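Tertiary structure, described
Listed below are the residues making up each chain.
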Amino acid sequence: MQLSIENWLLERKSELKRTLAILIDPDKWSNDVYFFLKNGNKNHLPDIFLVGGSLLSTNQLEKTVKDLKSLGKPVVLFPGNSMQVTKEADAILFMSLISGRNPEFLIGQQVHAAHHVKESKLEAIPLGYVLIDTGVPTSVQYMSNTQPIPYNKEDIAISTVMAGELLGMRAFYLEGGSGASKTVSNTMIKGVKEKTDSLLFVGGGIRSKNEVVEKFEAGADIVVIGSAFEKNQSLLKELYEELNVTI
Ligand SMILES: CC(C)=CCC/C(C)=C/CC/C(C)=C/CC/C(C)=C/COP(=O)(O)OP(=O)(O)O
Ligand SMILES: O=P(O)(O)OC[C@@H](O)CO
Ligand SMILES: [Mg+2]
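Quick caveat: nothing in here was measured; it's all calculated off a predicted structure. (Residues numbered from 1 in each chain as written. Chains lettered and ligands numbered in written order. Predicted model: local features only at pLDDT ≥ 70, side-chain atom pairs only at ≥ 80, totals over all residues. Heavy atoms only, no water.)

Here we take up the overall build of the protein chain. When helices and strands are counted, the protein chain shows 10 helices and 8 strands. For 247 residues, the compact-globule estimate of 2.2 N^0.38 gives 18 Å, and the C-alpha radius of gyration of the protein chain, at 17 Å, lies within 12% of that figure. Judged by the C-alpha coordinates and their principal axes, the protein chain covers about 45 × 40 × 40 Å. Classification of the 247 residues of the protein chain by burial places 53% in the buried group. Long-range contacts, defined as pairs at least 24 residues apart, comprise 72% of the intrachain contacts of the protein chain with a sequence gap of at least 6. Total accessible area on the protein chain stands at roughly 11,800 Å², and carbon and sulfur atoms take up 52% of it. For the protein chain, the centre of its 26 positive side-chain charges and the centre of its 29 negative side-chain charges are spaced 1 Å apart. (Helix = DSSP H or I, 4+ residues; strand = E, 2+ residues; numbered from the N terminus. Rg over C-alpha atoms; globule rule 2.2 N^0.38 Å. Buried < 20%, exposed > 50% of the residue type's maximum accessible area, 1.4 Å probe, protein only. Contact = heavy atoms within 4.5 Å. Areas by Shrake-Rupley, 256 points an atom, 1.4 Å probe, with all protein chains shown as cover. Lys, Arg positive; Asp, Glu negative; His and termini not counted. Charge placed at Lys NZ, Arg CZ, Asp CG, Glu CD.)

Written out as structure tokens, the structure is:
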């Protein structure tokens, strides 16, 4: 029987395998990037693709997901709003922005999406999204109209994740937002890790192989790279060749 995406990620976690995710913004998806991935070395593909954006201004979500699916890797929706749902994906991070206090992103968007998600039979992974202030405002902060957790307030981040877990969330996404000027601190990742066994995604501003390794060593189960891959697709090759990140 095929494992659900969540169980597959949990199995990798229990085997201490590091999972590298590439975030694809459908607005930036192009045939060039597609053929680069399709024709390149299959060993240099990430373990999993996330697809989403805090704002989509093109109608390319379905095409992007279908193209990515053809590469043979799991494709998981990482939706910025209720419109970013398509049954073509393998799963959806069904998330609530728990670092913020905007009801629209705590529960409003989820209510809008609920029927569509159920009917699509997508696997939904209940996830707490935790935004950290890394100094420069990000799209997600602006679009969600929420205040991120202060950079050095590990205790707030830890309590937020604990509360999410008590509410039944099974995964957390700790991040500074796309293109963050600095990454979430290793101290914060370690602190959160000590208090939860749930799946931990870490992203935002991760640009180099050293940062990828650091975040895994601090406790990330899944490290997500978006902007750096958009700028330089060969980054994947470098990461796999020099770091063996998944093994
Ligand atoms: C469960 C459903 C259907 C929706 C949940 C909606 C919520 C709560 C979203 C959380 C907040 C949010 C807007 C997250 C977006 C995360 C994301 C896909 C970021 C990608 O980066 P961008 O923010 O688009 O960055 P750029 O502007 O740099 O492209
Ligand atoms: O684009 P970057 O900075 O890599 O961030 C990826 C993801 O965590 C954004 O939500
Ligand atoms: Mg985007």
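Read on, since the account is not over.
What follows covers the site of ligand 1. Near ligand 1 you find 20 residues, and of these Ser-54, Phe-78, Phe-105, Ser-139 and Ser-178 are the closest. Between ligand 1 and Ser-139 there is a distance of 2.5 Å, counted from an oxygen atom to a side-chain nitrogen or oxygen. Ser-178 places a side-chain nitrogen or oxygen 3.3 Å from an oxygen atom of ligand 1. Considered on its own, ligand 1 offers 740 Å² of accessible surface; in the complex 92% of this is hidden by protein. Elements with a contribution of two residues or more to the shell around ligand 1: strand E4 (91-97), helix H4 (103-120) and helix H5 (139-144). Taken together, the residues that form the shell around ligand 1 break down as 9 nonpolar, 9 polar and 2 charged. (Near = heavy atom within 4 Å. Polar contact = N/O pair within 3.5 Å; in protein donor to acceptor, adjacent residues only side chain to side chain. Nonpolar A, V, L, I, M, F, W, Y, C, P; charged D, E, K, R; others polar.)

Between helix H6 (residues 154-166) and helix H7 (residues 186-195), the least distance of the axes is 9 Å, while the angle of their chain directions is 35°. Where H6 crosses over H7, the handedness of that crossing is right-handed. Contact with H6, carried on its side by Glu-154, Ala-157, Ile-158, Val-161, Met-162 and Glu-165, involves Thr-187, Met-188, Gly-191, Val-192 and Lys-195 of H7 and no other residues of that element. (Axes fitted to C-alpha atoms, helices over the stretch in contact; angles between N-to-C directions. Left-handed = near helix turned anticlockwise from the far one by under 90°.)

Turning our attention to the site of ligand 2. In the vicinity of ligand 2 lie 13 residues, with Glu-175, Gly-179, Gly-205, Gly-226 and Ser-227 positioned nearest. Between Glu-175 and ligand 2, the recorded distance is 2.7 Å, taken from a side-chain N or O atom to an oxygen atom. Between an oxygen atom of ligand 2 and a main-chain N or O atom of Gly-226, the distance comes to 2.7 Å. When the free accessible area of ligand 2 is taken as 310 Å², the share hidden by the protein chains comes to 96%. Looking at side-chain class alone, the shell around ligand 2 contains 4 nonpolar, 8 polar and 1 charged residues.

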